[in-house]
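# Coordinate inspection notes
In case you want the letters, here they are:
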Amino acid sequence: MSFGYLCPFKSLEDSMLEVLTTKVHDEARQGEAYAPLTGEPLQYSKKFYIESYGCQMNFSDSEIVASILNDSGFGATRDFTEADVVFLNTCSIREKAEQTVRKRLTEFRKIKQTKPGLLVGVLGCMAERLKSKLLEEEHLVDIVVGPDAYRSLPGLIEEAEGGQKAVNVLLSREETYADISPVRLNSNGVSGFVSIMRGCNNMCTFCVVPFTRGRERSRDVSSIVRECCDLFEQGYKEVTLLGQNVDSYYFTQDEGQLSGQHPSAVTFAMLLEMVANISPLLRVRFSTSHPKDITDDVLHVMAKYNNICKYIHLPVQSGSTRILQLMNRTYTREWYMAKVKRIREIIPECGISSDIIAGFCTETEDDHRDTLSLMEYSAYDLSYMFFYSERPGTLAQRRYTDDVPEDVKKRRLQEIVDLQNKLSRESNERDLGKEFEVLIEGNSKKSDADWMGRTSHNKVIVFAKSNREINKGDYVNVRVTDCTKATLLGEII
Ligand code: SAH
Ligand code: SF4
Ligand code: F3S
């Protein structure tokens, strides 16, 4: 397969035919898949219900699961009381995430008592972490499937229907589900998520992901671009390229498949450019960037294309070099600061957000103050903030003691949250009076009289609907008139 159809809206190359053929097939299948979700007559003999927890990649995986299940005769339902099988696609990142799933399983236990034939399946990271132990701990669970084994779901459901407990938690070095066309569940029809890689090779000592998701592998570039083209054809206006560490995307083709004018290896910067070229009307976002891997090439591609959103999620985790070393993040405080400076040099208007962990093993007040001062330096627009939660089997759990008392962790986290609130408000205040191109995602949560959309730098903006014919999925220019710490308020120009 060549990369020849990369820019179908600019040039009609031969391979375009291939894309269009696939698209017609996919749309037909997706039409059916949507039916049960929109309450139209069912075309499936059985129904499944799926609930997702954790990161965007897990939500994206549920759409792959839905596709696999549709193909084997299961239609999706939003009402679990009418389902033949219910799935929880689970997260293990912090202890609390697992507790939430356990609570939900207790609720399903009650339903199963009144509906004995109901099958309960646990998918995702918790399934992978606990494996068949989960069956011993949670007796109502019938099926346990890890993130790389979703193709075996139809067979496992059959086994479970026959009264067997069914488990597949094999991790793979190759599986990317590249050929599977996700069924968009709960989508707003404007923004779509496209998984570009799986797994993670970075052994951050606090993190369970390398154990639950396995080795890093990059998805075939052709299938990524095709999926983005399909989304655009279906009316989507924004794609977010997903991976635990998107900047280490690296796809190589077999020699035999190479055609002369195409590169043999595709980096993330190249992929980004290919997707940006699909159409200037298709916005491109990506997440997550590891500070050690984001290159100047990526930053230059971002600066070059108006439709690549000027926003980078660049998790720092801690502002102390000593703690960063214990975390095995492979950069220092100064190195991170230089990266932020570089981003601002190449893309002056770029939004930057972060993930921060409070109270990692041995963290002192000085280390904590380093985190606060690095937050100030980076002037984050937004942060996701957590206190450290020790995870079984991780390097930190094996090597270090989780020795920061809980009340200290919580107090430090609160200081981090307070500072971020201040930084977010300041960031929003800097935008007062400015004009932005906004992609409308839908009605504002509070009022149908207002639209909600996003700026390129990923800020949510709410503004009154005008008399003009404007719809969800349109781009409009909006002037910022007011703000809270979380939201910009504006008016259509
Ligand atoms: N791949 C992404 C992060 C994925 S997990 C990256 O490297 O940036 C999302 C976030 O959860 C992490 O950035 C980290 O801040 C947080 N996290 C991960 N493990 C954690 C733990 N054991 N305790 C608390 N927070 C954790
Ligand atoms: Fe976890 Fe680090 Fe990989 Fe992110 S980069 S998923 S924090 S191991
Ligand atoms: Fe959670 Fe797994 Fe994502 S642990 S954060 S669902 S990769």
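Everything numeric here is computed off the predicted structure, so don't read it as measured data.

### Side note on the site of ligand 1
Residues in close proximity to ligand 1 total 15 residues, the closest being F206, Q244, Q317, D355 and S389. A distance of 3.1 Å separates an oxygen atom of ligand 1 from a polar side-chain atom of R94. Only β15 (351-358) and β16 (382-387) provide two or more residues apiece to the shell around ligand 1. Grouping the amino acids of the shell around ligand 1 by side-chain chemistry returns seven nonpolar, four polar and four charged. Here the shell around ligand 1 spans two domains, since at least three of its residues come from each of domain 2 (187-309) and domain 3 (315-430).

### Here we look at the site of ligand 2
All residues in the neighbourhood of ligand 2 are listed as C200, N202, C204, F206, C207, V209, P210, Q244, H290 and R329. Across the shell around ligand 2, the residue classes break down as six nonpolar, three polar and one charged.

### With respect to the pattern of salt bridges
Following the criterion strictly, the structure yields 44 salt bridges and no others. D431 serves as the salt-bridge partner of K434, at 3.5 Å between the closest nitrogen and oxygen. Connected through salt bridges with shared partners, the residues D61, D148, R198, R213 and R217 form a single ionic network.

### Re the side chain of R333
Its location among the elements puts R333 in helix α12 (residues 333-346). Buried and unpaired, R333 has D370 as its nearest opposite-charge partner, separated by 4.2 Å. A polar side-chain atom of R333 sits 2.8 Å from the main-chain carbonyl oxygen of D370. If we ignore the near neighbours within four places in the chain, the residues touching R333 are G319, T321, L324, D370, S373 and L374.

### Thoughts on the sheet that holds β15
Spatial strand order, β14-β15-β16: three strands in an open sheet with parallel pairing. Taken across any chain shown, the strands that pair with only one partner, and hence form the sheet edges, are β14 (311-313) and β16. Pairs of neighbouring strands in the sheet enclose a mean axial angle of 10°, with direction left out of account. The pairing of β15 with β16 spans six bridges and is parallel. Bridging from a neighbouring strand, A358 pairs with F387 of β16.

Procedures and definitions
Residues numbered from 1 in each chain as written. Chains lettered and ligands numbered in written order. Predicted model: local features only at pLDDT ≥ 70, side-chain atom pairs only at ≥ 80, totals over all residues. Heavy atoms only, no water. Near = heavy atom within 4 Å. Polar contact = N/O pair within 3.5 Å; in protein donor to acceptor, adjacent residues only side chain to side chain. Helix = DSSP H or I, 4+ residues; strand = E, 2+ residues; numbered from the N terminus. Nonpolar A, V, L, I, M, F, W, Y, C, P; charged D, E, K, R; others polar. Domains from an automatic or database assignment. Salt bridge = Lys/Arg side-chain N within 4 Å of Asp/Glu carboxyl O. Buried < 20%, exposed > 50% of the residue type's maximum accessible area, 1.4 Å probe, protein only. Lys, Arg positive; Asp, Glu negative; His and termini not counted. Contact = heavy atoms within 4.5 Å. Pairing = 2+ DSSP bridges. Axes fitted to C-alpha atoms, helices over the stretch in contact; angles between N-to-C directions.

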